[in-house]
Amino acid sequence: MKVSHPEGNEIAPVITIDGPSGSGKGTIAGLLAKNLGWHLLDSGALYRIVAARALDLDIALDDAAALAAMAGSLSIRFAEDLVEVDGQDLTLVIRTEAVSAAASEVAALPEVRDAILQAQRAMCQPPGLVADGRDMGTVVFPGARLKIYLDASAEVRAERRYNQLKNKGLSVSLRALLTSLQERDARDKGRAVSPLEPAKDALVIDSTDLSIDEVLARIHTEALKRDLVDGV
Ligand code: DC
C-alpha cells in the first residue's frame, strides 16, 4: 500500500486518538490536525478502502492472503475531503453501512493489519501527525507523546450516527444502528490482534456529556503540558 504524503522522513510528534465508532474521534482528530496544522491519518479509512475494494473485486472477507496482497498494492491519495484509490474516487462508497461492516471483518485479520502498518507509520511527517483509529497508541505509534482514548455510551454514539445520516437525507432505524454498532464494538474489542483498548498511558476522555469544543480544550491542555503546542 502506498499512501501519498509530503516528502521528508524526520521524526515528527504524534498525537493518537483511539476509541470506538461514534465516539467523535474522527471529528476531533480532523479539527485538531487543522488547528495545529499537522497531518491527519484516518486509519479507519484504510480498512474501509480495503473492504470496499474486496467487495468490488469479489475477494472473500476471510481470504487473508488475497486481502493482504490487494491491500499492499493499493495507491491511495487523501486530499481535503476526497479519497482516491488507484485513481478511482471512493469517498462516498467507503462510508456506506455495507463497507462499515466489511471493514470490521477485514480489520480482524493480522495479515491485513501487517500489510498496512508501514504505510501508516510513513504518514508521520513534520510538523506532526494526528492519528485516528483503534490501535494508534497501542500498536502503530506506541511512542506517541500524547495518547487519547475517546469513549461515549453506545446509545449516544448510535444517536450521533443517526443524526449524521438523517442530515444527509438517509432514512435509517436508530435501533438497527445501535445493534450494528454494538456488534462492531464487540468484534473490535474481542479480536485477537490489536483489539480496541486504551493504551496503558492513554488519557481516557468520556465524551458522552461533552461538546466537541470541550473535548478539544481538554486535549489542547494536555498537548500544552507536553510542549506539543504553543500556548496562545
Ligand atoms: O473508524 P472507522 O469506523 O472508520 O473504522 C472502520 C473499521 O476499521 C472499524 O471496524 C474498526 C477498524 N479499525 C481498526 O481495526 N483499526 C484502526 N486503527 C482503525 C479502524
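Per chain, residues are indexed from 1 in the order of the written sequence. Reporting of local features is limited, given that this is a predicted model, to residues whose pLDDT is at least 70; pairs of side-chain atoms are given and counted only at 80 or more, and all residues count toward the totals for whole chains, interfaces and linings. Computation of side-chain values covers all heavy atoms of the structure but excludes hydrogens and water.

(A) Seen up close, the overall build of the protein chain. Each helix corresponds to a stretch of at least 4 residues labelled H or I by DSSP, and each strand to a stretch of at least 2 residues labelled E; elements are numbered beginning at the N terminus. The helix and strand inventory of the protein chain stands at 9 helices and 9 strands. Between the two quantities, the radius of gyration covers C-alpha atoms and the globule rule is 2.2 Å times the number of residues to the power 0.38. Rg of the C-alpha trace for the protein chain: 17 Å, near the compact-globule value of 17 Å for 232 residues, within the 12% margin. Projecting the C-alpha coordinates of the protein chain onto the three principal axes gives extents of approximately 50 × 45 × 35 Å. When the 232 residues of the protein chain are sorted by exposure, 45% land in the buried category. Between buried and exposed lies partly exposed: a residue is buried under 20% and exposed over 50% of the maximum accessible area for its type, with that area taken using a 1.4 Å probe on protein chains only.

(B) The arrangement of the site of the ligand in detail. Proximity criterion: a residue is near a molecule or strand once any of its heavy atoms comes within 4 Å of it. Close to the ligand lie 16 residues; Arg48, Arg113, Arg134, Asp135 and Arg191 are nearest. The term polar contact refers here to a pair of N or O atoms within 3.5 Å; inside protein, the definition further demands a hydrogen-donor-capable atom paired with an acceptor-capable atom, and it admits residues adjacent in sequence only when both atoms are side-chain atoms. Between an oxygen atom of the ligand and a side-chain N or O atom of Lys25, the distance comes to 3.4 Å. The contact in question runs from a nitrogen atom of the ligand to an N or O atom on the side chain of Ser43, over 2.9 Å. When the ligand sits alone it has 450 Å² of accessible area, and the protein chains cover 95% of it. Secondary-structure elements contributing two or more residues to the shell around the ligand are helix H2 (43-57) and helix H4 (97-106). Split into classes, the residues belonging to the shell around the ligand amount to 4 nonpolar, 4 polar and 8 charged. Surface exposure here means Shrake-Rupley accessible area, sampled with a 1.4 Å probe, where a residue is shielded only by the protein chains that are shown. Side-chain classes follow a simple rule in which Ala, Val, Leu, Ile, Met, Phe, Trp, Tyr, Cys and Pro form the nonpolar group, Asp, Glu, Lys and Arg form the charged group, and the remainder, Gly included, forms the polar group.

(C) Inspection of the environment of Val130 at higher detail. In this fold, Val130 is placed in strand E7 (residues 129-133). In what follows, a contact means two residues having at least one pair of non-hydrogen atoms within 4.5 Å. Residues in contact with Val130, not counting those within four places in the same chain, are Ile15, Ile17, Ala29, Leu32, Ala33, Leu36, Trp38, His39, Leu40 and Leu41.

(D) View of the pairing of strand E9 (residues 203-206). Judged by which residues are buried, E9 turns out to be one-sided: Leu203 and Ile205 face inward and are buried, whereas Val204 and Asp206, on the alternate face, are not. Bridging between strand E8 (residues 146-151) and E9 involves 4 bridges; their strand directions are parallel. By the bridge assignment for E9, Asp151 is matched with Asp206. In this analysis, strands are considered paired if DSSP registers two or more bridges between them.

(E) Spatial organisation of the environment of Leu117. With respect to the helices, strands and loops of the structure, Leu117 is situated in helix H5 (residues 110-121). Each C-alpha atom, one on Leu117 and one on Leu61, is 19 Å from the other, the two residues being 56 residues apart in sequence.

(F) Spotlight on the pairing of E7. Across the 5 residues that make up E7, a large majority, 5, are buried. Examined bridge by bridge, strand E2 (residues 14-18) and E7 share 5 bridges and lie parallel to one another. Looking across to E7, one finds that Ile17 is bridged to Asp132. Sheet analysis places strand E3 (residues 39-42) next to E7, joined by 4 bridges and oriented parallel. Directly across from Leu41, in E7, lies its bridge partner Ala131.

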